[in-house]
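# Descriptive analysis of the structure
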Amino acid sequence: MASRLGVLTAAVVVFGGAFAGVVAPALALDPAAGDPAAGEKVFRKCQACHAIGPDAKSKAGPALTGVIGRPAGKAEGFSYSAAMSKEAEAGLIWTPDKIGEFLTNPKGFVPGTKMTFAGLRKDQERADLIAYLATFP
Ligand code: HEC
């Protein structure tokens, strides 16, 4: 148990470090691997439903400010689907890898989600987008 906790703590430290700009090659979707400027253009595909930034409010989709590293289903005042609420209860955290998997195929990753978005199939698009999301902690 103690050693398991130790591994968890180390993972959290590495994860936190990735956002402080420290290189963390263990993360397949390190935000540093993407180009935030290119990601801003990719985010146009999300803007019909999502806002991001200091004053962002939830629209058809939850506000995405600070979403990286945040537990799923936690945007204030947003009514999530039963499917997403179940994932949230099961402890889903939006690490870059999990957001990457979700965005590749939203309905495949969270069956029953009410996010009606086909998915971003290109690795580079997802990496750029995640780098952009990471600029709004
Ligand atoms: C057609 C509207 C729509 C589009 C387009 C869309 N989303 Fe969503 N998104 C939603 C909805 C609705 C939810 C809530 C899903 C649920 O409750 O099942 C959601 C949930 C999410 C979540 C989980 C947030 C949380 O608080 O748990 C993330 C992350 C996300 N979207 C990212 C994106 C990104 C990035 C894009 C663009 C590539 C995108 N979405 C495009 C509607 C959309």
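Residues numbered from 1 in each chain as written. Predicted model: local features only at pLDDT ≥ 70, side-chain atom pairs only at ≥ 80, totals over all residues.

The chain goes by Cytochrome c family protein in an unreviewed UniProt entry, where it is assigned to Sinorhizobium numidicum.

Quick look at the overall build of the chain now. If you tally the helices and strands in the chain, you get 6 helices and 0 strands. In the chain, the order of α-helices and β-strands from amino to carboxyl end is α-α-α-α-α-α. A fraction of 51% describes how many contacts in the chain between residues 6 or more apart in sequence connect residues 24 or more apart. (Helix = DSSP H or I, 4+ residues; strand = E, 2+ residues; numbered from the N terminus. Contact = placed C-beta atoms within 7 Å.)

Close contacts around the ligand come from 28 residues, with Cys46, Cys49, Gly61, Ser81 and Met115 the closest. Looking at the shell around the ligand, the elements with two or more residues in it are α3 (82-89) and α4 (96-104). Residues of the shell around the ligand, tallied by class, amount to 19 nonpolar, 6 polar and 3 charged. (Near = placed C-beta within 6 Å. Nonpolar A, V, L, I, M, F, W, Y, C, P; charged D, E, K, R; others polar.)

As a further point, take the nonpolar core. In this structure, Ile68, Ile99, Leu129, Ile130 and Leu133 are the most contacted members of the largest nonpolar core, which totals 22 residues. When contributions to this core are tallied by element, the ones reaching two or more residues are α4 and α6 (123-133). Sequence-distant contacts of isoleucine 99, that is, excluding residues within four places in its chain, are made with Ile68, Trp94 and Ile130. (Core = buried A, V, L, I, M, F, W, Y, C linked by C-beta atoms within 7 Å. Buried ≥ 20, exposed ≤ 12 C-beta atoms within 10 Å, placed from the backbone.)

This part covers the environment of isoleucine 52. Locating isoleucine 52 in the fold gives a position in the loop between α2 (36-42) and α3. In contact with isoleucine 52, not counting residues within four places along its chain, are Ala63, Leu64, Thr65, Leu133 and Phe136.

Another point: the environment of alanine 38. Turning to its location among the elements, alanine 38 is positioned in helix α2. Overall, alanine 38 belongs to the partly exposed group, with 16 C-beta atoms counted inside 10 Å.

This brings us to the environment of leucine 92. Within the element layout of this structure, leucine 92 appears in the loop between α3 and α4. Distance from leucine 92 to alanine 72, taken between C-alpha atoms, is 5.7 Å for residues 20 residues apart in sequence. With residues up to four places along the chain from it excluded, the contact list for leucine 92 reads Pro71, Ala72, Glu87 and Lys98.

For α6, the buried fraction is high: 8 of the 11 residues fall into the buried class. All of the buried residues along α6 are Arg126, Ala127, Asp128, Leu129, Ile130, Ala131, Tyr132 and Leu133. On its buried face, α6 is in contact with α2 and α4.

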